[in-house]
Amino acid sequence: MYRRQTNGWLKHLDFIVLDLFCLEAAFVLAYWARIGWSNPYATRLYQSMAFMLLLMDVAVIFFGNAYSGVLERGYWKEASSTLRQSALILALSSVYLVLIQNGDSYSRIILCLTALFYFFLSYGCRLLWKRAVKWIPWKMKQDSLLIAVTEAHAAEVVESLQHDQRRHFSISGIILMDEGVHTGVEQLFVKSYGNIPVVATERGLVEYVCREWVDEILFVLPDWQGDRAVLEEVAASGIAVHEYLGMEKSRVGRKQVIEKMGDYAVMTTCTNCVTFSQAFLKRTFDIVGGLVGSIFAVLALMIVGPMIYAQSPGPLLFRQVRVGRNGRRFHFLKIRSMVIGADAMKKDLMEQNRVKDGMMFKLDFDPRIIGAKKLPDGSVKRGIGNIIRDWSIDELPQFFNVLKGDMSLVGTRPPTVDEWEKYQLHHRARMAFRPGITGLWQVSGRSNIVDFEEVVKLDTKYINEWDFGLDCRIMLDTVRAVLERTGSM
């Protein structure tokens, strides 16, 4: 799922919050400079002024469009903008004191010092934050962007995108779309543009997208005469497709919005897109749920851990590399319900797999489960591993994955690497969303669904129709399914 670029005043929410903090700090410093080390919020007049200052600042920012082009402003323009904002706040504060007819009790020196301190604090913080925006640690979590471009335009496009200071993406590679460029491909792949390597040609585009971590792809092909069906295929995979508006507009996908990337106006096509507020609400829900779930995970380990270790000595937590949103790899955590070396035994049991195409792995009786045995009469003796799987206790450590950001409470189940490598391009669409502990197909049938195409259909339905209310309904259905023990993966 693609998160739309934030527009309007929310685009610079970080600068706004920083500015409000600077103004309140300036108010406190001015009070201390004039009155001394005492509480500036102790009297009603100063308390109300502190609140009104914040409202005035928000009004000046909103109506004055104070942060338009803030990242491109130089030192003098920034100083002029900050000085203007300080003067407006000083003027509004003076008007407020006149209107409340209680201005005689408020120190004029504190009023002027507040504006002065605010100018220096805000100006300094703006300059520092603009530098920090280029190096902030969470850029490691940026979306992976591919650029599909002709060789003649490659350097120009890369340079433009690398100078986009607000970019939410990291350029992972270049696809050269020139006709006939696939000849001499070994020599081609030593090329790079702005330190961005060429990773494929038009012929290898679909295969690369299907196997690698790709969140978004930008097509800048104003003079391209190739087969546009490839754009349809890529969009069907769940990847956000950006098309330079100089191209003929595609009609693929469900959602289309116009955005800007570097110097290019693009039409973005995606299976679904969310706003900043929707993404914030879902992540907040994940963090709260992850914290609560992590407490239960620790308690569960304390209770079932000794029982697991007694029957199968070894690590209590099972770590496995899984494939997350758009091909990201991460370490997936579970309470170990199988014997040590269960993964190595999987190949020998593949003939018993209920999902015949091998896209998932499900057995009627799994001998790898701790304590499970098949008796001579054909009946099955269930063990501690079956119990923790029936009640989904083994899934609890995934709440740590949720806190880390690799997973969500509700999403699509992450495949193993060997399953991912069997995916066709349309299967990849189910991974356009951050994987979840539970999801639509689990509550729709859980272990009773053995047709992988049905799983893909339900997962893409969830992504296409997602809203926060749907997540809440799935969570309630999951609780009911666990209590009824109607099956698990």
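Structure: above.
Counting of residues starts from 1 at the beginning of each chain's written sequence and follows it residue by residue. Reporting in this predicted model follows two pLDDT cut-offs: at least 70 for local features of residues, and 80 or more for side-chain atom pairs to be given and counted; totals over whole chains, interfaces and linings ignore these cut-offs and use all residues. To get the side-chain values, take all heavy atoms of the structure and skip hydrogens and water.

A. How the structure looks around helix α3 (residues 75–99). Helix numbers and strand numbers start at the N terminus; a helix is a DSSP run of H or I with at least 4 residues, a strand a run of E with at least 2. Under the convention used throughout, the expected extent of a helix is 1.5 Å for every residue step, that is, one less than its residue count. With 25 residues, α3 ought to run about 36 Å at 1.5 Å a step, and its terminal C-alpha atoms sit 36 Å apart, in line with that. Burial classes follow relative accessibility: with a 1.4 Å probe on protein chains only, a residue under 20% of its type's maximum area counts as buried, one over 50% as exposed, and anything between as partly exposed. Within the sequence span of α3, burial applies to Glu78, Ala79, Ser81, Thr82, Gln85, Ser86, Ile89, Ser93, Tyr96 and Leu97. Note on definitions: a residue-residue contact is assigned when non-hydrogen atoms from the two residues lie within 4.5 Å. Where α3 is buried, its residues meet α1 (13–35), α2 (44–64) and α4 (108–133). One or two residues past the end of α3 sits Gln101, with phi positive at roughly 55°.

B. A look at the packing of α1 against α2. With axes taken as lines fitted to C-alpha atoms, and helix axes fitted only over the stretch in contact, angles between N-to-C directions fall between 0 and 180 degrees. Two elements in contact, α1 and α2, have axes separated by 10 Å at closest approach and are oriented at 145°. Pair α1 / α2 crosses with right-handed handedness. Of the residues in α2, those touching α1 at Ile16, Asp19, Leu20, Leu23, Glu24, Phe27 and Tyr31 are Tyr46, Ala50, Leu53, Leu54, Asp57, Val58 and Ile61. Its residues assigned to classes, the contact of α1 with α2 shows 11 nonpolar, no polar and 3 charged. What makes a crossing left-handed is the near helix being turned counterclockwise from the far one by less than a right angle; a clockwise turn instead makes it right-handed. Charged means Asp, Glu, Lys or Arg here, nonpolar means Ala, Val, Leu, Ile, Met, Phe, Trp, Tyr, Cys or Pro, and polar covers whatever is left, Gly included.

C. Looking closely at the packing of α1 against α4. Contact geometry for α1 and α4: axes closest at 7 Å, N-to-C directions at 145°. Remark: the crossing between α1 and α4 carries right-handed chirality. Classifying every residue of the contact of α1 with α4 by side-chain character gives 20 nonpolar, 2 polar and 5 charged.

D. Spotlight on the pairing of strand β5 (residues 196–201). A pair of strands is labelled paired if DSSP reports no fewer than 2 bridges between them. Summarising the sheet, strand β3 (residues 169–176) and β5 pair through 3 bridges and their orientation is parallel. Note on β5: the bridge partner recorded for Ile174 is Val198. With 2 bridges joining them, strand β4 (residues 192–193) and β5 adopt antiparallel strand pairing. Bridge pairing in β5 links Tyr193 to Ile196. In this structure, the hairpin formed by β4 and β5 is closed by a connection of 2 residues, where Gly194 is found at a positive phi of approximately 60°.

E. Representation of the side chain of Glu78 in the model. With respect to the helices and strands, the residue Glu78 is situated in helix α3. Within polar-contact distance, the side chain of Glu78 engages the side chain of Arg126 at 2.9 Å. Of the polar contacts made by the side chain of Glu78, one reaches the side chain of Lys130; its length is 2.8 Å. Filtering out sequence-adjacent residues up to four positions away, Glu78 remains in contact with Val70, Arg73, Tyr123, Arg126, Leu127 and Lys130. In the analysis that follows, any N or O atom pair within 3.5 Å is treated as a polar contact, provided that within protein one partner can donate a hydrogen and the other can accept it, and provided that, for residues neighboring in sequence, both atoms belong to side chains.

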